[in-house]
Amino acid sequence: MEIKFKSSENLDKRSLYKHTRGSSISLKDVEDGTVIEPVEIVVFEDENSRGDTSLITSIVDAAGRHYTTNSKFFREELANIFNIFAPEPFSIIVRKQVSKAGRTFVTCELE
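Residues numbered from 1 in each chain as written. Predicted model: local features only at pLDDT ≥ 70, side-chain atom pairs only at ≥ 80, totals over all residues. Heavy atoms only, no water.

K.L.:
Got a minute to help me understand helix 2 (residues 72-85) in this structure?
P.N.:
Think of an α-helix as 3.6 residues a turn; residues three or four steps apart then line up on the same face. With 14 residues, helix 2 ought to run about 20 Å at 1.5 Å a step, and its terminal C-alpha atoms sit 20 Å apart, in line with that. The inward-facing, buried residues of helix 2 abut strand 1 (2-6), strand 4 (38-47), strand 5 (53-61), strand 6 (66-69), strand 7 (92-98) and strand 8 (104-110). For helix 2, the N-terminal capping position is held by S71, with its side-chain oxygen 3.4 Å away from the main-chain nitrogen of F73. (Helix = DSSP H or I, 4+ residues; strand = E, 2+ residues; numbered from the N terminus. Expected span 1.5 Å × (residues − 1). Contact = heavy atoms within 4.5 Å. Polar contact = N/O pair within 3.5 Å; in protein donor to acceptor, adjacent residues only side chain to side chain.)

K.L.:
Can you help me understand the pattern of salt bridges in this one?
P.N.:
Where side chains of opposite charge bring their charged atoms close, a pairing between them can arise. Summed over the entire model, instances satisfying the criterion amount to seven salt bridges. Of the charged contacts, one joins R21 and D46 as a salt bridge, the two residues approaching to 3.6 Å between their closest N and O atoms. Of this pair, R21 sits in helix 1 (residues 13-21) while D46 sits in strand 4; the two residues are 25 residues apart in sequence, bridging distant segments of the chain. On the basis of relative accessibility, which here comes to 45%, the residue R21 falls in the partly exposed class. The residue R65 makes a salt bridge to D61 at a minimum N-O spacing of 3.0 Å. A relative accessible area of 41% means that R65 is categorised as partly exposed. When salt bridges with common partners are traced through the structure, they connect D32, R95 and E109 into a single cluster. (Salt bridge = Lys/Arg side-chain N within 4 Å of Asp/Glu carboxyl O. Buried < 20%, exposed > 50% of the residue type's maximum accessible area, 1.4 Å probe, protein only.)

K.L.:
What am I meant to see in the environment of S58 here?
P.N.:
Position of S58 among the secondary structure elements: in strand 5. Under the relative-accessibility criterion, S58 is labelled buried at 0%. As for S58 and P38, which are separated by 20 residues in sequence, their C-alpha atoms are 9.7 Å apart. Leave out the neighbours within four places in its chain, and S58 touches H19, E40, I41, V42, F44, H66, Y67 and T68. One polar contact links S58 to H19, side chain to side chain, over a distance of 2.5 Å.

K.L.:
It is not clear to me how the nonpolar core should be interpreted in this structure. Could you clarify?
P.N.:
Note that soluble globular proteins tend to have their nonpolar side chains buried in a common cluster. One finds L27, I36, I59, F74, L78, F90 and I92 to be the most contacted residues of the largest nonpolar core, which totals 15 residues. Elements that contribute at least two residues to this core include exactly helix 2, strand 7 and strand 8. At four residues, helix 2 tops the list of elements feeding residues into this core. Excluding anything up to four places from it in sequence, L78 contacts I41, T57, I59, F90, I92 and C108. (Core = buried A, V, L, I, M, F, W, Y, C linked by side-chain atoms within 4.5 Å.)

K.L.:
Where do I start with the sheet that holds strand 4 in this structure?
P.N.:
Picture the strands of a sheet paired through backbone hydrogen bonds; they go either parallel or antiparallel. A sheet is described by the order of its strands in space; here five strands give the open sequence 1-4-5-6-2, paired in mixed fashion. Both edges of this open sheet fall to strand 1 and strand 2 (25-26), since each of them pairs with a single strand only. Pairing analysis gives nine bridges linking strand 4 to strand 5, with the strands arranged antiparallel. Within strand 5, the position partnered with E47 by the bridge is T53. The strands touched by helix 1 are strand 1, strand 4, strand 5 and strand 6; relative to strand 4, the strand with the most contacts, the crossing angle is about 60°. Here helix 2 sits on the sheet and contacts strand 1, strand 4, strand 5 and strand 6; the angle it forms with strand 5, its principal contact strand, is near 50°. (Pairing = 2+ DSSP bridges. Axes fitted to C-alpha atoms, helices over the stretch in contact; angles between N-to-C directions.)

Structure follows, in structure tokens:
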């Protein structure tokens, strides 16, 4: 596992453990339109049991809830929002969209 991005250099080992190994809510199970106010964001590379790697985006919100996703679309849009607004607080809206191939994917937009 390799940390690719941390929203703050002040995240301690306990926080990093919770982001990379703790229990979380998958964003694919979150209702479309859910509002999240991120206070911590971590992107890390994870390896599954077959040896395949993927980038995981992990968020802790203002209420202490922990969310994760491997959605490239979500990660890229969150990065765009973060790069404009950080270090100011912001909120995002979770969006579920359907691709041309008929698959549902998770992304986000600024609230």
